[in-house]
Amino acid sequence: MDTQPVDNILEVRNLRVGFGINKTIVDVVRDVSFDLRRGETLCVVGESGSGKSVTARALMRIARPGRITGGSILLRNPRGDTLDIAALDDESEQMRAVRGDRIGMVFQEPMSSLSPVHTIGAQIIETILLHRDMTQTEARAQAIEALRRVQIPNPETAIDKYSFEFSGGMRQRAMIAMALSCEPEILIADEPTTALDVTTQAEILRLIKRLQRDLGMSVIFITHDMGVVAEIADRVAVMYHGELLEIGPVKQVFHEPKAPYSRHLIGASNKFTITGDHARGGTLPGLDPGVMLDVRNLDLTFRKSTGVLFRKVQEFHALKDVSLKLRDGENLGIVGESGSGKTTLVRALVGLIPADSGQAIYRSKDGRDFDLLQKGALRKAGLNREIRMVFQDPFSSLNPRMTVEQVIAEPLYLEGKRSKAEIRAKVISLLDRVGLPKNVLSRYPHAFSGGQRQRISIARALSVDPRLIIADEATSALDGSIRSQILDLMFELQTELGLSYIFVGHDLGVVRYFCDRIAVMHKGVLVEVGTAAEICQNPSKDYTRSLIAAVPGTDPDHRRLLTA
Amino acid sequence: MLRFIANRMFAMVIMTLVLSFVCFFIIQLPPGDVMTAYAAQLAAAGDSSSADTIARMRAAYGLDEPFLTQYFIWLKSLLSGNLGYSFTLQRPVSEIVSSRIGISLAVELLAIVVLWGIAIPVGIYSAVRRYSVGDMFATVFGFIGIAVPNFLLALLIMYIIYLYTGTAVDGLFSAEYVQARWSLAKLWDFFTHVWIPVIVIATGGAAQIIRILRANLLDELNKPYVVTARAKGMSERRLIMRYPVRVAMIPLVATVGWVLPTVISSSIVTAIVLNLPTLSPILLRSLLTQDMYLAGALILFMGLLTLIGTLVSDLLLAWIDPRIRTGMTDG
């Protein structure tokens, strides 16, 4: 099949990886075969559970408790000698010599993937000393060099810092420095930018590309974001349910996908372009609708004080004089990087964090005005029935010890107006509305996938017939195709029930798709507000422009991030 | 860091004062006082001292003053270094305490060292080789250790030794060394006796620590940073000791603060069964006889140990966990 077999650094044939479940072994990766060429970027895509991470870990023999149950993994060195990784023992000296030296790996969550109790330097130096015959001083010098290579400022001092003293992007850089400290021939990057902001993601992608060129590495890049694939891949492998559906050059996969599933993935990602035609967000309705929520000069500072005798107070000015309006029936998006104050803003609006000054005038269903920033405003006026929240993490925002019925019915019981039978009927109709069958009533949240859980969260928010739903990164934790299903569900509910949404997100494409107007936040300041189309196509502020420039495109022919 | 310690020292002074009040309050809590207990004792012995004598003694010791006055008198004498007088033992409290404190701390610290020395390796083994034969064994040992009362274990060991050697073991020294001055021979004699109480005290505690460490470490073993370390090509043994074990130890180190007082109070029954010249039996006796100055001094001493222990454990935590260290220097 390959015309230049010598050029392959890695040849994977019929790889199978199994996990032992109740004494039987279930293969979660089945007959996967592919080649990795010297110096290329191979992107492996697929939704969570498709086996892409397990495959990558099997290449390094760190898939445990999973085991390789069949196939071969040939690692070639430039002289043409081969080593069959699949035949080695996980713990063997030969395998350990490959790990970290010939193959390096970068993981998704840079915070939890670095040891919290060791300095960055100690962790990098350790890798170098494992594979190179060096003194501590020499290794330290090489570690500083590794940090310099990933453009961490002041590497001489940064080397003695701990991971929690770095920002997310810097942590991922340190992680890359560690993986590359022995200049491996292959870098495996497992969703390295999924947990990062778009701007940081763009920086990390550029960095990986540059290092790849400098060191002549091959990169296996695992992701579920087709935009990232379009930006960086030479070739793409699509995985689904443990099998490799297709593999080919990026342009071929994007323009003439063979597998229907590849078409589906690309279609789902095309939905969230920031420039394309969208049903919403072009212009505002001609008739000026009423204002539902009017936030004026909201200011909020976090304070922390410690010590008895020598007091010390730390302050963080999280929201600086923020003013914005939400109109009846509109979807308002709030975007910004992490730390921009977008979540703090919505939490202040529902009274979860007390604001220092300012007003948030909310006009209720019966036409009365309330200031949401007054202490306990939501509870006192019963507004917590009109304003509901949906949170980011569908795994931790549902009580694992409550059944679906209990979760959804709880707000109704608290309301105390209806009989048991009425509540049950209401819960069933809510489940139907969010597209879940009624036989799930007595199940617990762990039995559901991320998308289904988010549907349960939405049903819970809808149970008391709200007018405004605040969705804080509600689709960020979901895969592309599931994300679009949830957003479409939210649209349907809007037309059906006359809802308004405040949608907090860091993915501009998603916010553009879902919202009428977008507010851009940066370091606690509201940078600009405008219609979604205006913000995305004709931004007036530099910060907004930089945010938009960092969004990956969807077409491998027109790369946005990696010019030259 | 210095600022943290200074803040903590200041808080400790205040806490000690509060503690002294609480101690005094507790020992005054049961109805009656040391004289009632004394009178009952005399009556039981057939000595019918008149109530008049008791009342005179009570007045002489200031026991009929109001509670607060008594407290301040006690506090004042404490601050001037006078721990008071034990009514039942007819000796100054400081003399009683100083005659026993050295031996007591030696036995208890030794027990703690043995306890951690057994518990930590076994706990790590149990977590890393979960459900292995060794883990099962440690688990069974753990539950036996928790379930069997210490005094029973002490009796059992004494019985077995008596059965095989025909000598009865009790105390920490053979008869000829009890009054003797310290010498190498006496030290050796001490070690031939001390292992029994040490083992008895250590078993119960070790079992608990094994369970806690096992659970903590199991949580840590699957964390992403362990996978990262593995991806570097480190050997399994080294990476487990360097990464997850260090993190799993953090909650255990936090318990260092009260480990000494816990051992003192939990070894009371063992100390009585084995007839050990430690502080524990004295503590029980002083509480039973409402010997208030002796009991007050001992409870206050244990409280002080807790405060110092907590400071030590916080400093240890700062040493092994940089996140806590930064919290201290920042905050």
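Remember, predicted model here, so these are calculated numbers, not experimental data.

## Remarks on the overall build of chain B
- Each helix and strand counted, chain B has 16 helices and 2 strands in total.
- Taken along the three principal axes of its C-alpha coordinates, chain B extends 85 × 60 × 40 Å.
- Partitioning the intrachain contacts of chain B with sequence separation of at least 6 by distance along the chain shows that 74% fall at a separation of at least 24.

## Thoughts on the domain arrangement of chain B
Residues and elements named next belong to chain B.
- What the domain assignment lists for chain B is domain 1 (17–82) and domain 2 (104–330).
- On a C-alpha basis, the centroid separation for the pair domain 1 and domain 2 is 36 Å.
- Residue-level contacts link 12 residues of domain 1 with 9 residues of domain 2.
- Elements with a contribution of two residues or more to the side of domain 1 that touches domain 2: α1 (2–28) and α2 (34–44).
- Among the elements that make up the side of domain 1 that touches domain 2, the one with the highest residue count is α1 (6 residues).
- Each residue belonging to the side of domain 1 that touches domain 2 can be placed in one class, and the counts come to 9 nonpolar, 2 polar and 1 charged.

## Notes on the sheet that holds strand β7 (residues 186–190) of chain A
All names here are of chain A.
- In space, the 6 strands of this open sheet follow the order β6-β7-β8-β3-β9-β10, with mixed pairing throughout. Whereas interior strands pair on both sides, the edge strands pair on one side only; in this sheet they are β6 (103–106) and β10 (243–249). Pairs of neighbouring strands in the sheet enclose a mean axial angle of 15°, with direction left out of account.
- In this structure, β6 lies alongside β7, joined through 4 bridges in parallel fashion. Across the sheet, residue G104 finds its bridge partner in β7, namely L187.

## Looking at the interface of chain B and chain A
- Listed by partner, the interface residues are 26 residues for chain B and 31 residues for chain A.
- Going through the elements one at a time, α1, α9 (224–231), α11 (244–253) and α16 (322–330) of chain B are the ones with two or more residues in the side of chain B that touches chain A.
- Considering each element in turn, the side of chain B that touches chain A owes the most residues, 6 residues, to α9(B).
- Within the side of chain B that touches chain A, the residues separate by chemical class into 12 nonpolar, 5 polar and 9 charged.

## So, the nonpolar core
- Of all hydrophobic cores here, the largest spans 234 residues; its most connected members are A:L147, A:I188 and A:I220.
- Not counting residues up to four positions away in its chain, the partners in contact with A:I220 are A:L36, A:L42, A:V44, A:A56, A:I186 and A:I188.

## Quick look at the sheet that holds strand β1 (residues 8–21) of chain A
Residue and element names in this part refer to chain A.
- Reading across from one edge, β2-β1-β4-β5 is the order of the 4 strands in this open sheet, with antiparallel pairing throughout. Every interior strand has two partners, whereas the edge strands, β2 (24–37) and β5 (82–84), have only one. Geometrically, the sheet is characterised by an average inter-axis angle of 10° between neighbouring strands, direction not taken into account.
- Inspection of the sheet shows β1 paired to strand β4 (residues 67–76) by 7 bridges, in the antiparallel sense. Bridge pairing in β4 places E11 opposite L74.

## Description of the pairing of strand β8 (residues 218–223) of chain A
All names here are of chain A.
- Most of β8 sits out of view: 6 of its 6 residues are buried.
- Residues of β8 alternate between two faces, with S218, I220 and I222 on one and V219, F221 and T223 on the opposite face, all of them buried.
- With 5 bridges connecting them, strand β3 (residues 41–45) and β8 associate as parallel partners. Directly across from V44, in β8, lies its bridge partner I222.
- Alignment of β7 against β8, held across 5 bridges, turns out to be parallel. What sits directly across from L187, in β8, is V219.
- This β-α-β element, β7 to helix α8 (residues 198–215) to β8, shows right-handed connectivity.

## Observations regarding the pairing of strand β9 (residues 235–240) of chain A
All names here are of chain A.
- Here β9 lies mainly inside the structure; 6 of its 6 residues are buried.
- Taking every second residue as pointing to the same face, both faces of β9 are buried, with R235, A237 and M239 on one and V236, V238 and Y240 on the other.
- Across 6 bridges, the pairing between β9 and β10 is antiparallel. Bridging across to β10, R235 finds its partner in P249.
- Linking two consecutive strands that pair antiparallel, namely β9 and β10, is a turn of 2 residues; a positive phi of about 50° is found at H241 within it.

## Topic: the environment of A:E93
- Mapped onto the elements, A:E93 comes out in helix α2 (residues 93–98).
- Residues A:E93 and A:G553 lie 460 residues apart in sequence; the distance between their C-alpha atoms is 43 Å.

What counts, and at which threshold
- Residues numbered from 1 in each chain as written.
- Chains lettered and ligands numbered in written order.
- Predicted model: local features only at pLDDT ≥ 70, side-chain atom pairs only at ≥ 80, totals over all residues.
- Helix = DSSP H or I, 4+ residues; strand = E, 2+ residues; numbered from the N terminus.
- Contact = placed C-beta atoms within 7 Å.
- Domains from an automatic or database assignment.
- Nonpolar A, V, L, I, M, F, W, Y, C, P; charged D, E, K, R; others polar.
- Pairing = 2+ DSSP bridges.
- Axes fitted to C-alpha atoms, helices over the stretch in contact; angles between N-to-C directions.
- Core = buried A, V, L, I, M, F, W, Y, C linked by C-beta atoms within 7 Å.
- Buried ≥ 20, exposed ≤ 12 C-beta atoms within 10 Å, placed from the backbone.
- Right-handed = clockwise from strand over helix to strand, strands pointing away.

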